[in-house]
Amino acid sequence: MKQKQEASWQNKWIVTNEELIISLVNLHEIKQLVKEQKSEDLLRNYPLAVIFSPIWENTRLITSSVNYDGQFSVEMNLFQPENGKLVKDAVEKISGLMTETLKQNVPKQDKNHQSNESTDKTTSELTLEMVNSMKVKQNGEEIRLSASLPASSGGAIMTSIVPMILKSREAERRGKSKSNLRQLMLAMHNYHDKHRHFPTAIVMGPDGKTPHSWRVELLPFLEQQALYDQYHMDEPWDSKHNLKIAETIVPEYHNPNSETPTNASYFAVVGPNTTFGKEGGTQIRDIKDGTSNTIAIVEAERDIPWTKPEDIAYDSDNIPEFGGFHDGGFYAGFCDGSVRFLSDMIEEQHLKNLLQINDGQRVP
């Protein structure tokens, strides 16, 4: 839309952060995507579409919001340059059709049933109550549809909606964490292509004595060359200057469920026979168990800044605690570049085998 210098829709995007759910649909652009299919074909294939046709033919933008503040409320706005009355009539017809359909699906109340508790209401009853509260108003060519439920009924709706929202957000965050690990493993392989080995967990500064994290060393391979250039390798990681660098959020090092964005969320597992356990760096040929059977980086919740040269020690006797961001397990980046979610229920011996590069034990 910016490329077309058509920014009128931006003025309609009038929402606040207080809204629970917000959306904007550019119906004009959608119509351009399906312009190859004639409207007559749509109407012929979908008889009920004739009711929606005034909206389809005239409306350019649709904004909607859902909020819960003492009462559950929904608002939808339809914007069109003309024929607002036709659109209003269509909205009212759709509302009437929904009401009649819901009435048929709501069982008749038992005469002896006196309870008015919202918890006794079915989803159909709550939806019908919502539809009955709908109000359609026209202001010029703009059509506004609003509906609400009192706190008692709104609370029942929220008990259904909130879990779905939380589940959706958690799925998105899991996806982001998985993507982060994929980027890190890609960077690891690009580093290997250049240096002929994976990075070591601790990278020494020019003096050969000042330790720095592999996460700093990997910055140029995460399109963070400018940030890497700002970091002083000849100073300790916690020098006054380098601590300022630590305040920069590197998206690939941050799990969206972490409450401290500047902390690392992904760590090397350091110990004998691990990917980061070889002095001078591990080469792919050193991974005798196969890259798809060997863990390199794990997701873990720790209070450790991403620039600090500290990771997770492993001595083959005790399994460290990984994860902490997602229920049921944690993500791990494997040496072949893949990322997998490992269950908390994984057998301890299997996890030990996955952490070692040459124990001769391949996990099914």
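Residues numbered from 1 in each chain as written. Predicted model: local features only at pLDDT ≥ 70, side-chain atom pairs only at ≥ 80, totals over all residues. Heavy atoms only, no water.

Caption draft 1: Here's a closer look at the overall build of the protein. When helices and strands are counted, the protein shows ten helices and twelve strands. Considering the protein as a whole, with its 364 residues, one finds that 40% of them fall into the buried category. Within the protein, contacts between residues at least 6 apart in sequence are counted, and of these 66% link residues at least 24 apart. Accessible surface, the protein as shown: approximately 20,900 Å² in total, 50% of it carbon and sulfur. (Helix = DSSP H or I, 4+ residues; strand = E, 2+ residues; numbered from the N terminus. Buried < 20%, exposed > 50% of the residue type's maximum accessible area, 1.4 Å probe, protein only. Contact = heavy atoms within 4.5 Å. Areas by Shrake-Rupley, 256 points an atom, 1.4 Å probe, with all protein chains shown as cover.)

Caption draft 2: Representation of the pattern of salt bridges in the model. For the coordinates displayed, the defined rule picks out nine salt bridges. Arg174 serves as the salt-bridge partner of Glu170, at 3.3 Å between the closest nitrogen and oxygen. Of this pair, Glu170 and Arg174 both sit in helix 6 (residues 151-195), four residues apart, roughly one helical turn. When its relative accessible area of 23% is taken as the criterion, Glu170 is described as partly exposed. One salt-bridge network, held together by shared partners, links Glu75, Glu142 and Arg144. (Salt bridge = Lys/Arg side-chain N within 4 Å of Asp/Glu carboxyl O.)

Caption draft 3: How the structure looks around the sheet that holds strand 10 (residues 312-313). Strand order in the open sheet made by the five strands is 10-8-9-11-12, with mixed pairing throughout. Each edge of the open sheet carries a strand with a single partner, namely strand 10 and strand 12 (339-343). Note: strand 8 (residues 266-270) against strand 10, two bridges, orientation parallel. Residue Val270 lies in a different strand from strand 10, and its bridge partner there is Ala313. Helix 10 (residues 348-355) rests against strand 8, strand 9 (295-299), strand 11 (329-334) and strand 12 of the sheet, and its axis sits at about 120° to strand 9. (Pairing = 2+ DSSP bridges. Axes fitted to C-alpha atoms, helices over the stretch in contact; angles between N-to-C directions.)

Caption draft 4: Region of interest: the packing of aromatic side chains. Taken as a whole and assessed by the stated rule, the structure comprises six aromatic pairs. Ring geometry for Tyr191 and Phe221: centres 5.4 Å apart, planes at 65°, overall edge-to-face. One end of the pair, Tyr191, is in helix 6; the other, Phe221, is in the loop between helix 7 (214-217) and helix 8 (225-230), with 30 residues separating them in the sequence. Among the residues examined, Phe221 registers a relative accessible area of 22% and is labelled partly exposed. Aromatic side chains Trp214 and Tyr253 sit 6.3 Å apart centroid to centroid with 80° between the ring planes, which places their arrangement in the edge-to-face category. (Phe/Tyr/Trp six-rings, centres within 6.5 Å; stacked < 30°, edge-to-face > 60°.)

Caption draft 5: Spotlight on the environment of Ser316. On the secondary structure map, Ser316 appears in the loop between strand 10 and strand 11. Taking the relative accessible area as the measure of exposure, Ser316 reaches 32% and is therefore partly exposed. The spacing of Ser316 and Gln349 is 33 residues in sequence and 9.7 Å in space, taken between C-alpha atoms.

Caption draft 6: Region of interest: the environment of Tyr228. Looking at the secondary structure, you find Tyr228 in helix 8. C-alpha of Tyr228 to C-alpha of Glu217: the two residues are eleven residues apart in sequence and 7.7 Å apart in space. The contacts of Tyr228, once residues within four sequence positions are left out, are Val216, Glu217, Leu219 and Pro220.

Caption draft 7: Representation of helix 10 in the model. Where helix 10 is concerned, the buried positions are Leu351, Lys352, Asn353, Leu354 and Leu355. In this structure, the buried residues of helix 10 make contact with strand 8, strand 9, strand 11 and strand 12.

Caption draft 8: Structural context of the pairing of strand 12. As paired strands, strand 11 and strand 12 are joined by five bridges and run antiparallel to one another. Opposite Tyr331, over in strand 12, you have Phe341 as the bridge partner.

Caption draft 9: Spatial organisation of the nonpolar core. Among the nonpolar cores identified, the biggest contains 49 residues, and Ile295, Ile297 and Trp306 are the most heavily contacted of them. Of all the secondary-structure elements, those providing two or more residues to this core are helix 6, helix 7, strand 8, strand 9, strand 11, strand 12 and helix 10. With six residues, helix 6 is the single largest residue contributor to this core. Of all hydrophobic cores here, the second largest spans eleven residues; its members include Leu27, Ile55, Ile62 and Val91. (Core = buried A, V, L, I, M, F, W, Y, C linked by side-chain atoms within 4.5 Å.)

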